[in-house]
Structure formats: C-alpha cells, structure tokens
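# Residue-level structural notes
Residues per chain, in single letters:
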Amino acid sequence: MKFLRVILAVVSAALLANCASTPATRAEKRPTAFAAIPKSQRDAVLAGEIKEGMSRDAVWIAWGPPNNISSAGEDGTHYEIWRYTGLRPVYRSTIGMGFATYPHGRGRDRHYHTSPYYDFNYGPDYVPYTEAVVKFREGKVKSWERINR
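What counts, and where the lines are drawn
- Counting restarts for each chain, with residues numbered from 1 along the sequence as it is written.
- Given that the model is predicted, a residue must reach a pLDDT of at least 70 before its local features are reported, and side-chain atom pairs must reach 80 or more before they are shown or counted; all residues, however, enter totals for whole chains, interfaces and linings.
- Hydrogens are left out, water is left out, and the side-chain values use all remaining heavy atoms of the structure.
- Comment: elements are numbered from the N terminus, with helices defined as DSSP H or I runs of at least four residues and strands as E runs of at least two.
- Residue exposure (1.4 Å probe, protein chains only): buried if accessible area is under 20% of the type maximum, exposed if over 50%, otherwise partly exposed.
- In what follows, a contact means two residues having at least one pair of non-hydrogen atoms within 4.5 Å.
- Calculation of accessible area relied on Shrake-Rupley with a 1.4 Å probe; when residues are assessed, cover is drawn exclusively from the protein chains displayed.
- To form a nonpolar core, buried Ala, Val, Leu, Ile, Met, Phe, Trp, Tyr and Cys residues must be joined to one another through side-chain atoms within 4.5 Å.
- Each pair of strands is called paired provided DSSP finds at least two bridges between the two strands.
- Only C-alpha atoms enter the line fits that serve as axes; for helices the fit covers just the stretch in contact. Angles between N-to-C directions range over 0 to 180 degrees.
- Each pair of aromatic rings taken from Phe, Tyr and Trp, with Trp reduced to its six-membered ring, is defined by centres within 6.5 Å and is described as stacked if the planes are under 30 degrees apart, edge-to-face if over 60, and tilted in the remaining cases.
- Charges are assigned to positions over rings by a cutoff of 6 Å between ring centre and Lys NZ or Arg CZ, combined with an angular limit of 35 degrees from the ring normal.

Counting secondary structure elements, the chain contains five helices and four strands. Going from N to C terminus, the chain has its helices and strands arranged as α-α-α-α-α-β-β-β-β. By the burial criterion, 25% of the 149 residues in the chain qualify as buried. In the chain, of all internal contacts separated by at least 6 residues, the share reaching a separation of at least 24 is 52%. Element-wise, carbon and sulfur atoms account for 54% of the exposed surface of the chain, whose accessible area totals about 11,100 Å².

Pasting the structure below:
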C-alpha cells in the first residue's frame, strides 16, 4: 500500500512540473496573438525577452500574465504599468520562554499548575517583492526593468 502511495506521489509531482508556464506554452494557448507578433520579435518572445515597441500580447507570451496592472501619467502622457512579483524567503529564528498556567481536575478538586514552556521556531517567511516592471505607452512597450534577477 505504501508503494502505491509513493508511485502516486511521484506521478502527481511529474504532472504538476509539466504544468509550468513557458513562453512556448503561452504561445500555444494564444496562437492568434502569437501570429500577430512581427516575425522579427518572435524569437525574442520565445526566449522570454522583451524589447521596446512590443505589444501587450508579446509581453504576455514572453513573461506571462502580470500580477498587477496600474495606470500612471507623466508629462501629460498616459502609461499602463505591468508589475510582476515574486516571493523571497526571509529566514527567522525565535526562541521563547515563559510560564503558563494550566487547570487540572474538575469541580472542587480543580487546581492550577504552572510550568515553564520553551518555544523554538526557525524557518522562512515568504515576502513579496517587485521582480519586474513594464511600462506601456499607447499599447507598446516604452520601458521595462527586471529587479534582482
């Protein structure tokens, strides 16, 4: 029975690993959008690169869907901003000590017992951070930035 569970776990992990989104899989999901990308940009898109002047569809295929879309104005020009976020582990360790009081017994026999406790906690907390920003003007990439890649 344990052997069957191990086999199921391995197969499930393999299937989940194959679900990872890549530029090629995103291009397959949006064939019309990929066909509309100029031939001079297709190799860059499939390599996960973006360039100034690319369309939103090209960026979506190259980098995937953004985590946040916002608007901004600068010098009378309207920009659409796509933000991509990642999670960064922040390791922490805490040690706690103290005394806690616990009830024992029932009714009139109830009494309270105080005993020391120790708490040791170590592990990562995952903190979101901005991984990349793409700025569009009139539907085309004006600028982009990858942060801490």
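Further notes follow.
Let us look at the nonpolar core. With 20 residues, the main nonpolar core has Val59, Ile61 and Val134 as its most contacted residues. Elements with a contribution of two residues or more to this core: helix H3 (31–36), helix H4 (39–46), helix H5 (56–63), strand E2 (77–104) and strand E3 (111–137). Counting residues per element, this core draws most heavily on H5, at six residues. Each residue touching Val134, except ones within four places of it in the same chain, is listed here: Ile50, Val59, Trp63, Glu80, Ile81, Trp82, Tyr84, Val141, Ser143 and Trp144.

A word on H5. Of all eight residues in H5, six are buried; the element is thus mostly enclosed. Within H5, burial applies to Ala58, Val59, Trp60, Ile61, Ala62 and Trp63. Elements that come into contact with the buried residues of H5 comprise helix H2 (23–29), H3, H4, E2, E3 and strand E4 (140–146).

Moving on: the sheet that holds E3. Taking strand neighbours across the sheet as the criterion, the four strands line up as E1-E2-E3-E4 in an open arrangement whose pairing is antiparallel. On the outer flanks of this sheet lie strand E1 (68–74) and E4, each paired with one strand and no other. Between one strand and the next, the sheet's axes are offset by a mean angle of 30 degrees, whatever the strand orientation. Where E2 and E3 come together, 25 bridges link them in antiparallel fashion. Bridging from a neighbouring strand, Tyr102 pairs with His113 of E3. Here H5 sits on the sheet and contacts E2, E3 and E4; the angle it forms with E2, its principal contact strand, is near 35 degrees.

Let us now look at the packing of aromatic side chains. Under the counting rule described, the total for this entry stands at two aromatic pairs. Taking 5.6 Å as the distance between ring centres and 85 degrees as the angle between the ring planes, the aromatic pair formed by Trp63 and Tyr84 counts as edge-to-face. Residue Trp63 is located in helix H5, and its partner Tyr84 is located in strand E2; the two are separated by 21 residues in the primary sequence. Each member of the pair, Trp63 as well as Tyr84, carries the same accessibility label: buried. Stacked on the ring of Tyr129, the Lys or Arg Arg88 has its end atom at 3.9 Å from the ring centre.

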